[in-house]
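Each chain, written out:
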Amino acid sequence: MTRDAVSFLWLEITAKCQLERTHGYAGGSPSGDHGTMTVDDWLRVIDQAANAGVTSVQFIGGEPTLHAELPVLVEYALNRELSVEIFTNFVHVTHKLWELFSRPGISLATSFYCSDDSEQHRRTTRLPTYVRTKTNIATALARRIPLRAGVTDIGSDQCTSQARDELVHLGLPRLPRLGYDHPREIGRGVRETGQSATLLCEYCSEGAAAIMSDGTVRPCIMSRWIELGNVRQQSLTHVLVGLHGARASLAATGPRYSAPGIKPAPRPTISRRRVRDRAPSACLTT
């Protein structure tokens, strides 16, 4: 694959989420909506992506399982021979969703907060979701559904090491499926300095792009101030031509995001079979 070729897309299909985390880069919340992209818009984008050589997509939000048409979009992507990853908070998984998650060609990803302190977990997610999240992670692993997870350290009192140990105890390998990161000052996570290119990893815009729920295309889900175009007005192929310029502009900003001890989980390079190859890339956690 050349540097300009795109093989992976984030599809941010909704800004609606049960949680209202203080650090979420996307700003998803219970008051969020599915944006202006219709189901037909997303199906057209999936078609264009497959025709352009994209091999895998990740459905993300917000919380993508709150979009009633997620099964339709996933099924369509699978029929176009794309591998699919769904980024879910595991707050609520219906029987129908478990059937969807168990389909060949589908994997899951999630963020996990704290371990042995359910109250600390509640302060992070703003809901008493610790037991439910942990139970559904265990269920996914018991069903042998490929799963990645990331632990985000949002404060000095958060028991991140216990969280990582608990995920391993549940059956998740430390590497390559377990990542760790600090929240970036992006979206709702802005605290002091504000968002900038220095918060993006060195792989931003290489082989990937993100499509928002209003059709806006960005180099990745973290570069939320950079717009390449909009798939509601232009074809995906036409919009992606702007990635080369975005890459050059980001390269001119100098050193990118890194911190001691941070090992972000990579974005997936997913085969149609459940064999996972990993390449260094953007942080998994939201």
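The shown structure was predicted, so the numbers you read here are calculated from the model rather than taken from an experiment.

Novice: Can you explain the overall build of the chain? Please cite residues and give values.
Specialist: What the chain contains, in helices and strands, is eight helices and eleven strands. Per-residue burial over the chain gives 55% buried out of 286 residues. When contacts within the chain are restricted to residue pairs at least 6 apart in sequence, those whose partners lie at least 24 apart make up 70%. For the chain, the accessible surface area stands at approximately 12100 Å², while carbon and sulfur atoms represent 51% of it.

Novice: Please set out the packing of aromatic side chains residue by residue, giving values where relevant.
Specialist: The tally for this structure, following the rule as stated, stands at three aromatic pairs. Between Phe90 and Trp98, the ring centres sit 6.4 Å apart and the planes meet at 25°, which makes this aromatic pair stacked. Each member of the pair, Phe90 as well as Trp98, is classed as buried. Pairwise contacts between aromatic rings join Phe90, Trp98 and Phe101 into one cluster.

Novice: Let's hear about helix H5 (residues 130-142): which residues, and what values?
Specialist: The end-to-end C-alpha distance of H5, which contains 13 residues, comes to 18 Å, matching closely the 18 Å that a straight helix rising 1.5 Å per residue would cover. One or two residues past the end of H5 sits Arg144, with phi positive at roughly 60°.

Novice: Please set out the pairing of strand S7 (residues 208-211) residue by residue, giving values where relevant.
Specialist: The side chains of a regular strand alternate between both faces of the sheet. The alternating pattern of S7 places Ala208 and Ala210 and Ala209 and Ile211 on opposite faces, both of which are buried. Here strand S1 (residues 8-12) runs beside S7; their pairing, made up of four bridges, is parallel. Residue pairing in the sheet places Leu11 in a bridge with Ile211 of S7. In the sheet, S7 pairs with strand S8 (residues 216-218) via two bridges, with the strands oriented antiparallel. From the neighbouring strand, Ala210 faces S8, where its bridge partner is Arg218. Turn length for the S7-S8 hairpin, with the two strands adjacent in sequence and antiparallel, is four residues, and the turn residue Gly215 shows positive phi of about 95°.

Novice: How would you sum up unusual backbone geometry? Please name residues and give values.
Specialist: Across the junction of Gly61 and Gly62, the peptide omega takes the value 20°, indicating a cis bond. For Gly62, the position within the fold is in the loop between strand S2 (56-60) and helix H2 (70-79). Unusually for a residue other than glycine, Glu81 sits at a positive phi of about 65°. Within the element layout of this structure, Glu81 appears in the loop between H2 and strand S3 (83-87). Among the residues examined, Glu81 registers a relative accessible area of 60% and is labelled exposed. Backbone geometry places Phe90, a non-glycine residue, at a positive phi of 60°. Tracing the backbone through its elements, the reader meets Phe90 in the loop between S3 and helix H3 (95-101).

Novice: So, the environment of Leu11: which residues are in play, and what are the values?
Specialist: One can find Leu11 in strand S1. Given a relative accessible area of 1%, Leu11 falls into the buried group.

The rules we used
- Residues numbered from 1 in each chain as written.
- Predicted model: local features only at pLDDT ≥ 70, side-chain atom pairs only at ≥ 80, totals over all residues.
- Heavy atoms only, no water.
- Helix = DSSP H or I, 4+ residues; strand = E, 2+ residues; numbered from the N terminus.
- Buried < 20%, exposed > 50% of the residue type's maximum accessible area, 1.4 Å probe, protein only.
- Contact = heavy atoms within 4.5 Å.
- Areas by Shrake-Rupley, 256 points an atom, 1.4 Å probe, with all protein chains shown as cover.
- Phe/Tyr/Trp six-rings, centres within 6.5 Å; stacked < 30°, edge-to-face > 60°.
- Expected span 1.5 Å × (residues − 1).
- Pairing = 2+ DSSP bridges.

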